[in-house]
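# Understanding the architecture of this molecule
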Amino acid sequence: MKKSNKTAIRRTDFLVNKSMGVFALAILGLIGLVGIGRAAGTASGYIAVYNASLAILIAGILCIAGGIYWILRDRREENLPAYRYFSGLDLGVIGLLLVFSGILYRVFDVLSVTRLLYVVYPACAVLYLLFSLLQRVFFLQALLCGGSMLLMWAVARSGGTASVVYAVLGIVLSAAAAAVFALLRHGDGAVRIGSRVFRLLEAGEEYGAPFVSSAVTALLFVAAIVFTAAAVAGAGSVLLYILCGYLFILAVYYTVKLM
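Residues numbered from 1 in each chain as written. Predicted model: local features only at pLDDT ≥ 70, side-chain atom pairs only at ≥ 80, totals over all residues. Heavy atoms only, no water.

### Topic: the overall build of the protein
Scanning the protein for helices and strands turns up eight helices and two strands. Going residue by residue from the N terminus, the α and β elements of the protein occur as α-α-α-α-α-α-β-β-α-α. In the protein, which comprises 259 residues, the proportion classed as buried is 34%. Contacts in the protein between residues far apart in sequence, at least 24 positions, make up 70% of those at least 6 positions apart. If you sum the accessible surface of the protein, you get close to 15,000 Å²; carbon and sulfur atoms cover 71% of it. (Helix = DSSP H or I, 4+ residues; strand = E, 2+ residues; numbered from the N terminus. Buried < 20%, exposed > 50% of the residue type's maximum accessible area, 1.4 Å probe, protein only. Contact = heavy atoms within 4.5 Å. Areas by Shrake-Rupley, 256 points an atom, 1.4 Å probe, with all protein chains shown as cover.)

In structure tokens form, the structure reads like this:
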């Protein structure tokens with residue numbers, strides 16, 4: 001009994017400290033965005049941020065490479081600690097965010113990207129905690145909603161043919177997500193690649209909500225195409241808010257399931 005209590009306390013401490021660490025990194029990212037936003041307010045600062053985006057991109061690639069090396073090295077190790085505050089996966093996720101940010105800064109308007117990243121960084125922190133610590137089935141749906149929000153944001157800011165293209169990409173994303181959920185349901189939460197079996201979800205998981213999420217996101221992108229064709233102003237922004245509301249409903253649903 002004492003050993004069990006001690007293990008439970010250790011896991012509780014790990015969850016709390018890991019969560020605080022992830023959110024601390026997100027806050028540091030937001031502080032960096034504040035600095036970027038202020039620097040980009042001038043013409044010279046705007047150009048400097050654009051040039052620095054290449055360094056951000058390279059740093060992200062290096063982090064991804066280091067994370068992959070770390071993960072492969074850990075696979076050869078035995079008796080790894082059950083709870084670690086930093087791992088190769090953590091480094092790889094940071095690298096992905098840096099690469100994502102660097103690409104956006106080089107392709108889109110710096111100030112618009114900065115405003116977008118104000119939402120992306122905290123959202124990614126929550127998503128990562130869901131993946132690594134809590135319910136992965138919710139993580140997959142939140143990932144779908146997050147990708148859909150980015151595409152819907154592009155729909156809202158583009159207009160015309162570009163909006164339709166982004167909406168079609170959203171429909172493809174929804175269909176791909178539904179295919180992944182169907183594959184996971186067929187394998188009872190596991191995916192077989194060659195002779196290896198990778199368990200992504202717990203056995204016996206329910207798949208009703210994931211398929212509903214795929215349908216909801218697809219229908220919203222179909223609506224975006226219809227509204228774009230009808231030249232309805234501001235429709236993309238409204239659909240983006242609907243996506244945010246749906247993600248909030250999912251969060252409440254899975255929070256209740258945890259209780």
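### Remarks on the environment of Ser 237
Mapped onto the elements, Ser 237 comes out in helix 8 (residues 235-258). For Ser 237, a relative accessible area of 33% translates into the label partly exposed.

### Looking at the nonpolar core
Core analysis: the biggest nonpolar cluster contains 24 residues, and Tyr 105, Leu 117 and Met 152 have the highest contact counts within it. Within the residue set of this core, elements represented by two or more residues are helix 1 (2-39), helix 3 (88-107), helix 4 (110-132), helix 5 (136-158), helix 7 (208-229) and helix 8. For this core, the leading source of residues is helix 4, giving six residues. Each residue touching Leu 117, except ones within four places of it in the same chain, is listed here: Leu 30, Leu 33, Phe 100, Ser 101, Leu 104, Tyr 105 and Pro 122. Core analysis: the next-biggest nonpolar cluster, separate from the first, contains 10 residues, Leu 127, Ala 142, Cys 145 and Leu 250 among them. (Core = buried A, V, L, I, M, F, W, Y, C linked by side-chain atoms within 4.5 Å.)

### A word on the packing of helix 2 (residues 43-76) against helix 3
For the pair helix 2 and helix 3, the least separation of the axes is 7 Å and the interaxial angle reads 155 degrees. With respect to each other, helix 2 and helix 3 are oriented roughly antiparallel. The two elements helix 2 and helix 3 cross, and the hand of that crossing is left-handed. Grouping the constituent residues of the contact of helix 2 with helix 3 by class yields 18 nonpolar, nine polar and one charged. (Axes fitted to C-alpha atoms, helices over the stretch in contact; angles between N-to-C directions. Parallel < 35°, antiparallel > 145°, perpendicular 65-115°, else oblique. Left-handed = near helix turned anticlockwise from the far one by under 90°. Nonpolar A, V, L, I, M, F, W, Y, C, P; charged D, E, K, R; others polar.)

### Examining the confidence of the model for the protein
Mean pLDDT for the protein: 81, with 84% of residues reaching 70 or above. Confidence drops under a pLDDT of 50 for residues 1-9, and excluding neighbours within four residues, the segment shows zero contacts in the predicted structure. (pLDDT = per-residue confidence, 0-100.)

### Some details on the packing of aromatic side chains
Considering all chains together, one arrives at two aromatic pairs under this definition. Each ring, one from Phe 108 and one from Trp 153, has its centre 6.2 Å from the other, and the planes form 75 degrees; the classification is edge-to-face. Note that Phe 108 is positioned in the loop between helix 3 and helix 4 and Trp 153 in helix 5, a separation of 45 residues in sequence. Taking 6.3 Å as the distance between ring centres and 80 degrees as the angle between the ring planes, the aromatic pair formed by Phe 181 and Phe 211 counts as edge-to-face. You can see Phe 181 sitting in helix 6 (residues 160-186) and its partner Phe 211 sitting in helix 7, a full 30 residues away along the chain. Residue classification places Phe 181 among the buried residues on the basis of a relative accessible area of 3%. You can call Phe 211 partly exposed: its relative accessible area is 25%. The side chain of Arg 106 reaches across the aromatic face of Tyr 50, ending 4.5 Å from its centre. (Phe/Tyr/Trp six-rings, centres within 6.5 Å; stacked < 30°, edge-to-face > 60°. Lys NZ or Arg CZ within 6 Å of the ring centre and 35° of its normal.)

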